[in-house]
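Coordinate analysis (summary)
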Amino acid sequence: MDKKEMYDSLKEVISEELIFIDEPMDKHISFRVGGPADILVRPTTEEEIKAVFKFATEKNIPFFVKGNGTNILIKDGGFRGLVIELSDNFSDYKIEGNLITVQTGALLSVIGREAMRASLTGFEFASGIPGSLGGALAMNAGAYGGEMKNIVKSARLMDCEGNITEYTNEEMNFGYRHSRLTDEKKIAISAVIELEKGNYEEIKEKMDDLAYQRKSKQPLEYPSAGSTFKRPEGYFAGKLIQDSNLKGKSLGGAQVSEKHSGFVINHNNATATDIINLIEHVKDTVYSSQGVHLEEEVKIIGEDRE
């Protein structure tokens, strides 16, 4: 099925204004690189997500689901198939007591702000992570001693047939940068976050402090996907990279940040190929000089430019 046929068929299951053909993906990921997707859709309800999922599965169309695009890299040739975006189009929430029920397109920063307003503590660690809840659940996002598995009461996941199942915290199989979502072809639809009653001023002070630490230690002024590499057991990726004399190393427009060696950044109009080549160079150099295999945390998707 070519993209025109795909577009025409999708109009039968989802509103036309939610479908975008030949959509430039550099507008949708935090690295600000990448070629076009054949089709991008932005469903706004569970029923629309279910309809798009079933359509892609039945027609055997390659697809992937993205949130805020802060942990993926789209190659310069773009993506042949369907991109399903769950971002501000799918981000409703409600607060009842110490529980926040939230759709997975919601930004962690928004959830953190609303938790603070309700004087709920426990979400501060995540409030500065530049991503959406769906990605945070999939990767069990963590920072500053906290991680999602500490605050998720339950999550509702959808399979490729559109069936939704609710899983408890234990059933989500959270681990380091891992969850049930990384093992199975399912997406998160919503989750219940369980926090504790706290003091508004103390919560705000902690969030402000973490925001200052991020700004002072991370290259937030440049496009990136956050921390580029997973932490190898017993090591810190940034220190391994710095000890391999790679701080500030550039290939094309991509650079190992001079502020934090664990970040590969789009320093000067980089292409996706520049970033991928630098990631591979860092991995090869760290292994040859330190004897440690680094694994990228960012997901690389799509086609090379012809």
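Residues numbered from 1 in each chain as written. Predicted model: local features only at pLDDT ≥ 70, side-chain atom pairs only at ≥ 80, totals over all residues. Heavy atoms only, no water.

This next bit is on the UniProt feature "active site" (unreviewed entry) in the protein chain. Under the present numbering, the feature "active site" (unreviewed entry) in UniProt falls on R177, S227 and E297. In three dimensions, the annotated residues from a span of 121 residues occupy one location, with a maximal C-alpha spread of 12.0 Å. Residue placement: S227 occurs in the loop between α6 (200-217) and α7 (237-243). Using a relative accessible area of 33% as the deciding quantity, one classes S227 as partly exposed. When residues no more than four places from it in sequence are discounted, the contact partners of S227 are G262, F263 and E297. As for its placement among the helices and strands, E297 is situated in the loop between α8 (272-290) and β18 (299-301). (UniProt positions renumbered as here; feature names shortened; annotations may be inferred. Helix = DSSP H or I, 4+ residues; strand = E, 2+ residues; numbered from the N terminus. Buried < 20%, exposed > 50% of the residue type's maximum accessible area, 1.4 Å probe, protein only. Contact = heavy atoms within 4.5 Å.)

In this section: the domain arrangement of the protein chain. The domain architecture assigned to the protein chain consists of domain 1 (3-85), domain 2 (93-217) and domain 3 (237-301). Using C-alpha coordinates to define each centre, domain 1 is positioned 24 Å away from domain 2. Listed as interface residues are 12 residues of domain 1 and, on the opposing side, 15 residues of domain 2. Summed over the shared surface of domain 1 and domain 2, the result is 1 salt bridge. (Domains from an automatic or database assignment. Salt bridge = Lys/Arg side-chain N within 4 Å of Asp/Glu carboxyl O.)

Moving on, we come to the environment of M158. Tracing the backbone shows M158 in strand β11 (residues 152-159). If we skip the residues at most four places from it in the chain, M158 touches E46, I49, K50, F53, N163, I164, K185, K186, I187 and I189.

What follows concerns the sheet that holds strand β1 (residues 19-24). Working definition: the strands of a sheet are paired by backbone hydrogen bonds and lie parallel or antiparallel to each other. In spatial order, the strands read β1-β2-β5-β3; together these 4 strands make up an open sheet with mixed pairing. Strand pairing shows two members of the sheet lacking a second neighbour, β1 and β3 (63-66), which therefore form its edges. Averaged over all neighbouring strand pairs, the angle between strand axes comes to 30 degrees, with direction disregarded. In terms of strand pairing, β1 meets strand β2 (residues 36-41) through 5 bridges, oriented antiparallel. Looking at the pairing, I21 lines up with I39 of β2. (Pairing = 2+ DSSP bridges. Axes fitted to C-alpha atoms, helices over the stretch in contact; angles between N-to-C directions.)

Another point: the sheet that holds strand β13 (residues 186-194). As summarised here, the arrangement of the 5 strands in space is β6-β7-β13-β11-β12, forming an open sheet in which the pairing is antiparallel. If you trace the sheet from one side to the other, it starts and ends with β6 (93-96) and β12 (164-168), each paired once. Between one strand and the next, the sheet's axes are offset by a mean angle of 20 degrees, whatever the strand orientation. Note: strand β7 (residues 99-103) against β13, 5 bridges, orientation antiparallel. Residue pairing in the sheet places Q103 in a bridge with S190 of β13. Across the sheet, helix α2 (residues 46-58) is in contact with β11, β12 and β13; its angle to β11 comes to roughly 45 degrees.

Now for the nonpolar core. Among the nonpolar cores identified, the biggest contains 33 residues, and F31, L73, F229, I241, I275, V282 and L294 are the most heavily contacted of them. Listed by contribution, the elements that provide at least two residues to this core are β2, β4 (72-74), β5 (79-85), α7, β16 (254-256) and α8. Top contributing element to this core by residue count: α8, with 7 residues. Split by domain, the residues of this core number at least three in each of domain 1 (3-85) and domain 3 (237-301). Once you skip the residues sitting within four places of it in the chain, L294 turns out to touch F229, K230, P232, A237, L240, I241, V282, K283 and V286. Counting 30 residues, the second largest nonpolar core, distinct from the first, contains F125, L137, L181 and I193. (Core = buried A, V, L, I, M, F, W, Y, C linked by side-chain atoms within 4.5 Å.)

Turning our eyes to something else, we now look at the pattern of salt bridges. Throughout the structure, instances matching the rule amount to 23 salt bridges. Where E296 meets K283, a salt bridge forms, and the shortest distance between an N and an O atom there is 2.7 Å. In this pair, E296 is assigned in the loop between α8 and β18 and K283 in helix α8, connecting sequence segments 13 residues apart. The residues E296 and K283 share a single accessibility class, namely buried. When salt bridges that share partners are traced, they join R42, K66, E85 and D88 into one network.

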